[in-house]
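# Examination of the molecular architecture
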Amino acid sequence: MKKVFTLVIVMLVALTSSKVFAQSSDYKKFSLGIGLEGALPVSGFSSVYSVGGGATLRAAIGLDKSSAVTLTSGVIVFAPKSGVGAGLKAQVNIPVKAGYRYMFSDNFYGIGEAGITFAKIYASNGQGGSISATGSEFTYAPGVGLLLGGFDVSLRYEGYSSSGFLGARVGFNF
């Protein structure tokens, strides 16, 4: 699965790179942004986890002045609700997503991303130590946002096969 996902990303970059450098200079051809994430679990996720937070990196490769291909990854940690599960400590998600951003106006955009999320769940083993379990799931994330100079503020729903969360990102693009 990792090889297929890597191949898809390489193909997207290859397909867009020739267009990126052939465009005029009235838009930003490439930007890299770092963002702080806030997450509110919904669906089945909300019965176990209360909130989440983390940080992400997002690269945007401009196709023209109104559209860009995006690559996003980072870390989002979810805290369990008190009294849930057998010593459940946390879940750490590492999403790897590719997507498309379309500018509806100078500042307002829509974004759709898809990819895979690698998750690791930590729990107490009942003897003072901890155990963990890992897995991965297909991820999709439609959202909207505002670009205000270098600042990027966005809201999205990030879904998995049976659960998801509402996410907010506040970032800065270089």
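What counts, and at which threshold
Residues numbered from 1 in each chain as written. Predicted model: local features only at pLDDT ≥ 70, side-chain atom pairs only at ≥ 80, totals over all residues. Heavy atoms only, no water. Helix = DSSP H or I, 4+ residues; strand = E, 2+ residues; numbered from the N terminus. Buried < 20%, exposed > 50% of the residue type's maximum accessible area, 1.4 Å probe, protein only. Contact = heavy atoms within 4.5 Å. Areas by Shrake-Rupley, 256 points an atom, 1.4 Å probe, with all protein chains shown as cover. Phe/Tyr/Trp six-rings, centres within 6.5 Å; stacked < 30°, edge-to-face > 60°. Lys NZ or Arg CZ within 6 Å of the ring centre and 35° of its normal. Pairing = 2+ DSSP bridges. Axes fitted to C-alpha atoms, helices over the stretch in contact; angles between N-to-C directions. Core = buried A, V, L, I, M, F, W, Y, C linked by side-chain atoms within 4.5 Å. pLDDT = per-residue confidence, 0-100.

## Considerations on the overall build of the chain
- Looking only at helices and strands, the chain features 1 helix and 8 strands.
- Secondary structure elements of the chain, listed N to C terminal, follow the sequence α-β-β-β-β-β-β-β-β.
- Counting only residues that meet the buried cut, the chain has 40% of its 174 residues in that class.
- Restricting the contact set of the chain to residue pairs at least 6 apart, pairs at least 24 apart contribute 56%.
- Summed over all atoms, the accessible surface of the chain reaches about 9200 Å², with 68% contributed by carbon and sulfur.

## Description of the packing of aromatic side chains
- The final tally for this structure, using the stated rule, is 12 aromatic pairs.
- Taking 4.8 Å as the distance between ring centres and 70 degrees as the angle between the ring planes, the aromatic pair formed by Phe45 and Phe78 counts as edge-to-face. You can see Phe45 sitting in the loop between strand 1 (30-43) and strand 2 (49-64) and its partner Phe78 sitting in strand 3 (residues 67-80), a full 33 residues away along the chain. As far as burial versus exposure is concerned, Phe45 and Phe78 are alike and both buried.
- Joined through ring pairs, the aromatic side chains of Phe45, Tyr49, Phe78, Tyr160 and Phe165 make up one cluster.
- The ring of Tyr109 has Arg101 sitting right over it, with the charged end atom 5.7 Å from the ring centre.

## Structural notes on the sheet that holds strand 8 (residues 163-173)
- The 8 strands lie next to each other as 1-2-3-4-5-6-7-8, forming a closed barrel whose pairing is antiparallel. Sheet twist, expressed as the average angle between the axes of neighbouring strands with direction ignored, equals 25 degrees.

## As for the nonpolar core
- In this structure, Ala39, Phe45, Tyr49, Ile76, Phe78, Leu88, Tyr160 and Phe165 together form the largest nonpolar core, which totals 8 residues.
- In this structure Ile76 touches Glu37, Ala39, Gly53, Gly54, Gln91, Val92, Asn93, Arg156 and Phe165, once residues within four positions along its chain are discounted.

## A short note on the environment of Gly35
- Summarising the element assignment, Gly35 is placed in strand 1.
- Separated by 19 residues in the primary sequence, Gly35 and Gly54 have C-alpha atoms spaced 8.5 Å apart.

## Structural notes on the confidence of the model for the chain
- Here the chain shows a mean pLDDT of 87. Residues at 70 or above account for 83%.
- Low pLDDT, under 50, characterises residues 10-25; the predicted model gives this stretch 16 contacts beyond four residues in sequence or across chains.

## Re the environment of Ser130
- Its place among the elements puts Ser130 in strand 6 (residues 130-148).
- Overall, the relative accessible area of 44% leaves Ser130 in the partly exposed class.
- For Ser130, the residues in contact, after removing those within four places along its chain, are Lys89, Ala123, Ser124 and Asn125.

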